[in-house]
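Chain residues, written in single-letter form:
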Amino acid sequence: MSLPLPHEARVRVRVRRALFGTLVVLTTVLAGLAMADILRTNGMSNLEAAMLALFVILFVNVALSFWTSIFGFWVRMRGGDHLALTRTLAGDHDPSPLPARTAIVMPVYNEDPGRVMAGLEATYRSLEATGFLRDFDFFVLSDTTDPDVWVEEELAFTRLRHAVSDPSRLFYRKRRENLERKAGNISDFCAEWGPKYRYMIVFDADSVMTGEALVKLVRLAERNPDVGIIQAPPVPVNRQTLFGRLQQFGVRAYGPIFLSGLNYWQAGEGNYWGHNAIIRIQPFVEHCKLPKLPGKEPLGGSILSHDFVEAALMRRAGYRVFLADDLEGSYEESPPTLIDYAARDRRWCQGNLQHARLLGFPGLNRVNRLHLLMGVMAYVNSPIWMLLLLLATLEAFRHLFVGHEYFAPQPSLFPMWEISIVWKAIPLYLVVMGMLFVPKILSFFVHLRQRGMIARFGGTLRFGISIVLEAFFSILLAPVMAVLQTRFVITTLLGKSIVWNSQERGDTMTPWGVAARRHGGTTLLGIAWGIATWSYVPELFWWLTPVTAGLVLAIPLSVLSSKVSLGRKAAELGLLLIPEEIDPPPVLRTLHERLAEHGYERVGDGLALVLDDPRVRAVHLSLLPAA
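Before going into details, it helps to say that this report is about the structure given with it. (Residues numbered from 1 in each chain as written. Predicted model: local features only at pLDDT ≥ 70, side-chain atom pairs only at ≥ 80, totals over all residues. Heavy atoms only, no water.)

**A few points about a nonpolar patch on the surface**
Thought 1: Together, V25, L26, V29, L30 and L33 make up an exposed nonpolar region whose accessible area comes to about 460 Å².
Thought 2: One can find V29 in helix α1 (residues 7-39). (Patch = residues over 30% accessible without salt bridge, like charges linked within 9 Å, V, L, I, M, F, W, Y side chains within 5 Å. Areas by Shrake-Rupley, 256 points an atom, 1.4 Å probe, with all protein chains shown as cover. Salt bridge = Lys/Arg side-chain N within 4 Å of Asp/Glu carboxyl O. Helix = DSSP H or I, 4+ residues; strand = E, 2+ residues; numbered from the N terminus.)

If you want it as structure tokens, here you go:
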């Protein structure tokens, strides 16, 4: 059962949210009024009225992100949040034994066994160095359907058990049926082994965590018995492609102030991201069973994006959910290319759109409903943005061919002269752009304030250039992602469900032919849009240049950003570097060493190997589940 927050803390949280909400609403209202003033200058048409509504919807997300970053900047500059969960720890190092056992669980589905086991070994050895290994067990929970990968998993797991000091702490389980995907895999673990542990720390196949972070998570959960989930923010690492470097630099450079701001206003009603988090098993089993949505997939049936819903159900049961924004030592790997990123985004899109059906679910906390709504809008905003731009283009053409109505809306002896709106539009445009890019500048000052941190990004000059470079690519890639997400939303609403495949974990490169097939329509859209506006309304052409340029360049952007050579060239120049690359922590050095040593080569025909090799057959039979 949950413990009530101290009265003073509850008041602080309410004040924070009231201030945050007021600023978001006030900013949105002012921007909406400014946009309305622009649109009604020469009389507002029906198209312009629709544009105003879409603009306001989109601006809410801009205001939420902006003020979250502003609050995070303030928290970081003043040295932290007084209500942060990590403040409950007595000190950096507590030698006392851990009073509870914890399972580290890694669900896998047709993943590269070499990367999976190397990551587990790195985490194991880091945990062993803390002296608290005895309080943790490791579980590889396989839902793999490829028989060759299954055999590789078994051999790689056996090799890992031979490499570590205490193989009895490592367990492998292969499910007979892949029911309910990852959520079902975790649920199956909780039913079979959950009663033996108080906590589980959920990993993804590319997760790596330091022993210190794991121990801190357990101590935080022990010090706060009313907390059901603690999310450790994962830092993306290890990517060598240009696209991967852009992603991991953006998260590492700008993420700290955003996460601090997020934790500042959500407090104990945070979210769960599905991995790199500690979960209190008993309330999770009792209260976090996912509901089945009525109807068929893609919007019905099993919930794909389970993590947001599980956090909401944990809060409904009275347990708090925290984002430990200042906890270090949590890592993951991002997709290496734009196409791989889009493939992952397609899965998330379908899962998040399902959340719209849970907004009225009984008993949920208001903040958790907001999280679900934000997850939905993260994808719905893209078609709204594209529709807004389309309406703006149609309005320009309407104005071109119909012309200004000098005696509207009623006949008059005196004409209503057309007034230029450019000088009204420019300030609003600059305000919106500023709200999008000011957080990047504030992040620069936060890192500059930390002794030695800028040097770990390559130095002040290179860090500044990296911010400009990342912002430039973000502008070009934004319309490409908007087109992709618009397609995802439309196909999902039309009833097309996804095939859930494993994520690409290595540094693959995109061939020109693949990019042409995936982005050909996007390129044609950009060319047609650009030619039409240049030919008939050239003043609109220049306003749309950042959008049409990204669309036209979609194919070369996708191919060139996937190149490892360009990513390495940027690193040689000291650009897009992150601290974990310049000075890798021991856990990442161990990961790199293990991958370099063997990498667990492919075995080929797994079934033939089991039948022909007695050693492999013995390993396979020993790891089969009991009848």
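**Thoughts on the sheet that holds strand β7 (residues 235-236)**
Thought 1: Taken in spatial order, the three strands of this open sheet run β5-β10-β7, and their pairing is mixed. Each of the sheet's edge strands pairs with one partner strand only, and the pair in question is β5 (208-209) and β7.
Thought 2: The pairing of β7 with strand β10 (residues 330-332) spans two bridges and is parallel. Counterpart to V235 in the pairing with β10 is Y331. (Pairing = 2+ DSSP bridges.)

**Some thoughts on the nonpolar core**
Thought 1: Counting residues in hydrophobic clusters, the biggest one holds 48 residues, and the most contacted among them are F136, I201 and I230.
Thought 2: Counting residues in each nonpolar core, the second largest holds 34 residues, with F139, I279, L293 and L372 among its members. (Core = buried A, V, L, I, M, F, W, Y, C linked by side-chain atoms within 4.5 Å. Buried < 20%, exposed > 50% of the residue type's maximum accessible area, 1.4 Å probe, protein only.)

**Details of the pattern of salt bridges**
Thought 1: The final tally for this structure, using the stated rule, is 26 salt bridges.
Thought 2: One salt bridge connects E121 with R125, and the closest N-O pair in it is separated by 3.0 Å. Taken together, the positions of E121 and R125, both in helix α3 (residues 113-130) and four residues apart, correspond to about one turn of that helix.
Thought 3: The class of E121 is buried, set by a relative accessible area of 3%.
Thought 4: Residues R169 and D137 are paired through a salt bridge, measuring 3.2 Å at the closest nitrogen-oxygen approach. Note that R169 is positioned in the loop between α4 (147-163) and β3 (170-174) and D137 in strand β2 (residues 136-142), a separation of 32 residues in sequence.
Thought 5: What you see here is one network of salt bridges that share partners, running through E121, R125, E593, R594 and E597.

**Notes on the side chain of S260**
Thought 1: Mapped onto the fold, S260 is located in helix α7 (residues 242-266).
Thought 2: Here S260 is in contact with G72, V75, R76 and D325, once residues within four sequence places are set aside. (Contact = heavy atoms within 4.5 Å.)

**Comments concerning the packing of helix α14 (residues 512-536) against helix α15 (residues 538-552)**
Thought 1: Where α14 contacts α15, the two axes come as close as 9 Å, and the packing angle between them is 165 degrees. The orientation of α14 relative to α15 falls into the category roughly antiparallel. Helix-helix and strand crossings are classified by hand; for α14 and α15 the assignment is left-handed. For the pair formed by α14 and α15, the contact residues are T522, T523, L525, G526, I527, W529, G530, T533, W534 and Y536 on the first element and P538, L540, F541, W542, L544, V547, T548, L551 and V552 on the second.
Thought 2: Taken together, the residues of the contact of α14 with α15 break down into 13 nonpolar, six polar and no charged. (Axes fitted to C-alpha atoms, helices over the stretch in contact; angles between N-to-C directions. Parallel < 35°, antiparallel > 145°, perpendicular 65-115°, else oblique. Left-handed = near helix turned anticlockwise from the far one by under 90°. Nonpolar A, V, L, I, M, F, W, Y, C, P; charged D, E, K, R; others polar.)

**Some points on helix α17 (residues 564-572)**
Thought 1: Within α17, burial applies to V564, G567 and A570. Projection of α17 onto a plane perpendicular to its axis shows the buried side chains occupying an angular sector of 125 degrees, all on one side.
Thought 2: Looking at the buried residues of α17, the elements they touch are α7.
Thought 3: Directly after α17, the chain includes G574, whose backbone phi takes a positive value near 80 degrees. (Arc of directions from axis to C-beta.)

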